[in-house]
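Single-letter residue listing:
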Amino acid sequence: MLKRQPPSKLVVGKALARRAILADHQRKVLDELLWKAERGYEGEQRADDHWDDLHIAEPYVLLHGFEAVSSRGYTHQIDTILVTAHFVLIVELKNIAGVLTYEERSHQFLREQNGERMSLTDPFAQVERHEMFIRQLIDGIGVKLPVLSAIIMTSSSSILENMPERFHIFKLAGLRFKLQEWNNTYPVQVLESMVSLVRNELLAHHQPKKWQHPFGKVLIQRGALCLCGEVMQYRRGKFACRCGHTSSEAFFEGLHDYRLLVDEWITSKGLRDFLFITSKDVANKLLVRANFYYEGNTKSRRYLIPEDIWRK
Ligand SMILES: [Zn+2]
């Protein structure tokens, strides 16, 4: 099993929103990106809860948020992969409201909402790419399993019109019935042990990547940030703000942002500069207490900031 993590775009985007010094038009782009990423993640979580409630033919493996790079260097971000002894299913989740239509001739996936028409990325081309990639991986280990793909709409208010027959596109509520249908269409194809073999092969290729933001080199606001927007000072074991707020979490939040926006490694000097800590001893003490993995001797020591240092 692979549990879904918050998308990198959302995590890095939030850190940018907190600290990047952006021009107004960049801020607008970031807000829109974040809004979309939030909606997508909400839909993904809704879908993940739904899987828990289904009775899937055993044995099965569910991989949520799979990411890999093909031998030709192309990235594949797959929302969910289900592996059973019947088939492999690739799922693309879409949290889009409005009326959705597809014009097959022009490969246009259109959305209409409040009288406005918009062209969106062709999801069918997307899943076909993923399908080919996964088929190659499975063929490579000699497992003969049909690879299917589906686009599942996670928004209850989306309306599907004119969708091509040869693709599977449906609302989340239809998943249960589709799985039953496919189980009948594809009776058990392989031994149970093959399901684990496929899982291992897929996990060996799973390689999540950090989102690269589109703003180029940006100035980052340093300091432990208070909810009021001010920079806090470190005093007697805590960060304290002029507004009266104190925080013991600000240290972790600061390092979390540092890891995403500056570097995953930090030195004692780097910490002092970033969080405006004047005392060498205090900075060292904080780093020792945090118990990070480190490299180098005392003078040139650098500490690895863990991925899960802070979550929000
Ligand atoms: Zn404050």
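Residues numbered from 1 in each chain as written. Predicted model: local features only at pLDDT ≥ 70, side-chain atom pairs only at ≥ 80, totals over all residues.

Undergrad: Which residues make up the overall build of the chain, and what are the values?
TA: When helices and strands are counted, the chain shows 8 helices and 18 strands. Once the C-alpha set of the chain is aligned to its principal axes, its extents read approximately 70 × 50 × 35 Å. Across the 312 residues of the chain, 26% fall into the buried class. (Helix = DSSP H or I, 4+ residues; strand = E, 2+ residues; numbered from the N terminus. Buried ≥ 20, exposed ≤ 12 C-beta atoms within 10 Å, placed from the backbone.)

Undergrad: Requested: an account of the pairing of strand β5 (residues 98–103), with residues and values cited.
TA: Bridge count between β5 and strand β9 (residues 158–161): 4 bridges; the pairing is parallel. Note on β9: the bridge partner recorded for G98 is S158. One ladder, built from 5 bridges, connects β5 with strand β6 (residues 108–113); its direction is antiparallel. Across the sheet, L100 pairs through a bridge with R111, a residue of β6. Hairpin connection of β5 to β6: 4 residues between the antiparallel strands, including H107 at a positive phi of 55°. (Pairing = 2+ DSSP bridges.)

Undergrad: Explain the domain arrangement of the chain residue by residue, including any values.
TA: Its domain assignment divides the chain into domain 1 (8–205) and domain 2 (223–304). Here domain 1 and domain 2 have C-alpha centroids that lie 38 Å from each other. Facing the 6 residues of domain 1 at the interface are 4 residues of domain 2. When the residues that make up the side of domain 1 that touches domain 2 are grouped by side-chain class, the tally is 4 nonpolar, no polar and 2 charged. (Domains from an automatic or database assignment. Contact = placed C-beta atoms within 7 Å. Nonpolar A, V, L, I, M, F, W, Y, C, P; charged D, E, K, R; others polar.)

Undergrad: Lay out the sheet that holds strand β13 (residues 231–235) with the relevant residues and their values.
TA: If you trace the 4 strands from one edge of the open sheet to the other, you get β12-β13-β14-β15, paired in antiparallel fashion. Every other strand in the sheet has two partners, leaving β12 (224–225) and β15 (246–247) as the edge strands with one partner each. Summarising the sheet, β13 and strand β14 (residues 238–240) pair through 3 bridges and their orientation is antiparallel. In the strand pairing of β14, R235 is matched with K238.

Undergrad: Just give me the short version of the sheet that holds strand β16 (residues 265–267), but keep the residues and values in it.
TA: Spatial ordering of the open sheet is given by β16-β18-β17, a layout of 3 strands whose pairing is antiparallel. Two strands lie at the open edges of the sheet, namely β16 and β17 (293–295), each paired on one side alone. Geometrically, the sheet is characterised by an average inter-axis angle of 35° between neighbouring strands, direction not taken into account. Where β16 lies against strand β18 (residues 302–304), 3 bridges are found, and the strand directions are antiparallel. Across the sheet, the residue bridging to T267 is R302, located in β18. (Axes fitted to C-alpha atoms, helices over the stretch in contact; angles between N-to-C directions.)

Undergrad: Could you give an account of unusual backbone geometry, naming the residues involved and the relevant values?
TA: Along the chain, E58 connects to P59 via a cis peptide bond; the corresponding omega equals -10°. For P59, the position within the fold is in the loop between α2 (24–52) and β2 (60–69). With phi around 50°, N162 is a residue other than glycine that occupies positive phi space. Given 11 C-beta atoms within a 10 Å radius, N162 is considered exposed. One non-glycine residue, N291, lies in the positive phi region at around 60°. By secondary structure assignment, the location of N291 is in the loop between α8 (280–290) and β17.

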